[in-house]
Amino acid sequence: MDRITTLFPLWALAASLLALTFPDPLAALKPGIVPLLGVVMFGMGATLSPGQFTAVLRRPGVIGLGVVLQYLLMPFAAWAIGLALGLPPQLLAGLVLVGAAPGGTASNVICYLARGDLALSITLTTVSTLLAVVLTPVLTLLYVGERVAVPALDMFWSILRIVLVPVALGVLVNRLLGARLAMFERVFPLISVAAIVFIIAVIVALNHDQLVTLGPLVALAVVLHNLTGLSLGYTLARLLGQGEARARTLAIEVGMQNSGLAVALAIKSFSAAAALPGALFSIWHNLSGALLAAWWSRRPPPSGA
């Protein structure tokens, strides 16, 4: 099962090719995107216990640094890269949505493989996800509100329903069932992978025609955005005195976004075209994260770092 989840980029690429070959049947499955993302968020919540949230109180400095890098660096980088490449307004909005999204759940697996600080990774993902309820719509409005209509309030309620409620229900189920839920925890990553692969396939199908003309440009924007987050997340963490393990963790948390959420919000708030950056980001950031984890896994951080 672990091998199935680690091959996520391969499944995503296969699903994309399938969607390009048979777009119409998959495009018709668009209504399934939001419910499936709710399932992914529930699965994430079910792996968390209330006690893990107290980690924020014990590590406020590094948590604050991670949140600042996440929500200052990534939206700005998306906006700057999108403008520099001349992306159309809807695609620019979609790229900024990716930048304003919280950390991706796959980052926890990548952090573990990269010999980072797993507890810090889980805490940062959780905190950034909770803050996304407010920060994602506000930052999207700030960066692209003059170019496209940003329904910030509707976006707020969407994130509340798609993220906060399912995560809270997952935590509650974990609290009530405890050890009885442990046998299912290995299944949750597999469900998440299947859900995100399905979402990518539908988005690619919906954007079949645009991919022919704008696909390479959007792909370049996505690659630059992800590499900016990974490189600056690591470099700034080291410059600010963080040890090697924590710097790796911050790089991964900053560079890997919850692109599935960005896709769902783009579909609900903008258009199918605006969801294209999130779909491509889902494929690329898992590939780049896996490669980075393979590199770091062979280079253990110094003891205590």
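About the criteria used
Residues numbered from 1 in each chain as written. Predicted model: local features only at pLDDT ≥ 70, side-chain atom pairs only at ≥ 80, totals over all residues. Heavy atoms only, no water. Helix = DSSP H or I, 4+ residues; strand = E, 2+ residues; numbered from the N terminus. Buried < 20%, exposed > 50% of the residue type's maximum accessible area, 1.4 Å probe, protein only. Contact = heavy atoms within 4.5 Å. Axes fitted to C-alpha atoms, helices over the stretch in contact; angles between N-to-C directions. Parallel < 35°, antiparallel > 145°, perpendicular 65-115°, else oblique. Nonpolar A, V, L, I, M, F, W, Y, C, P; charged D, E, K, R; others polar. Left-handed = near helix turned anticlockwise from the far one by under 90°. Expected span 1.5 Å × (residues − 1). Patch = residues over 30% accessible without salt bridge, like charges linked within 9 Å, V, L, I, M, F, W, Y side chains within 5 Å. Areas by Shrake-Rupley, 256 points an atom, 1.4 Å probe, with all protein chains shown as cover. Salt bridge = Lys/Arg side-chain N within 4 Å of Asp/Glu carboxyl O. Core = buried A, V, L, I, M, F, W, Y, C linked by side-chain atoms within 4.5 Å.

Caption draft 1: Examining the environment of Leu-124 more closely. By secondary structure assignment, the location of Leu-124 is in helix H9 (residues 118–144). The class for Leu-124 is buried, based on a relative accessible area of 4%. Separated by 62 residues in sequence, Leu-124 and Val-62 place their C-alpha atoms 9.2 Å apart. Those residues in contact with Leu-124 that lie beyond four places of it in its chain are Val-62, Ile-63, Gly-66, Val-67, Leu-250 and Glu-253.

Caption draft 2: Structural view of the packing of helix H14 (residues 259–269) against helix H15 (residues 276–297). Interaxial distance between H14 and H15 falls to 8 Å at its minimum, and their mutual angle equals 170 degrees. As judged from the angle between their axes, H14 and H15 are roughly antiparallel. Contacts between H14 and H15 pair Ser-259, Gly-260 and Val-263 from the former with Gly-278, Ala-279, Phe-281, Ser-282 and His-285 from the latter. Residue composition of the contact of H14 with H15, by class: three nonpolar, five polar and no charged.

Caption draft 3: Examining the packing of H9 against helix H13 (residues 244–255) more closely. The interhelical angle for the contact between H9 and H13, taken along N-to-C directions, is 30 degrees, at an axis separation of 9 Å. The orientation of H9 with respect to H13, classified from their angle, is roughly parallel. Like other packed secondary-structure pairs, H9 and H13 cross with a definite hand, here right-handed. For the pair formed by H9 and H13, the contact residues are Leu-120, Ser-121, Leu-124 and Thr-125 on the first element and Arg-246, Thr-249, Leu-250 and Glu-253 on the second.

Caption draft 4: Focus on helix H6 (residues 60–84). Here H6 spans 35 Å end to end across 25 residues, near enough to the 36 Å set by a 1.5 Å rise per residue. Phi turns positive one or two residues past the end of H6, at Gly-86, with a value near 70 degrees.

Caption draft 5: Molecular detail of a nonpolar patch on the surface. Taken together, Val-165, Leu-169, Leu-172, Leu-176 and Leu-177 make up a surface patch of nonpolar side chains, about 440 Å² in accessible area. Along the chain, Leu-176 falls in helix H10 (residues 152–177).

Caption draft 6: Just the nonpolar core, in detail. If you look at the biggest cluster of nonpolar residues, it comprises 73 residues, and the most contacted ones within it are Ile-33, Leu-37, Ile-63, Val-163 and Ile-203. Per-element accounting of this core gives the leading share, 11 residues, to helix H11 (residues 187–206). By size, the runner-up hydrophobic cluster in this structure holds eight residues, among which are Ile-252, Met-256, Ala-293 and Trp-296.

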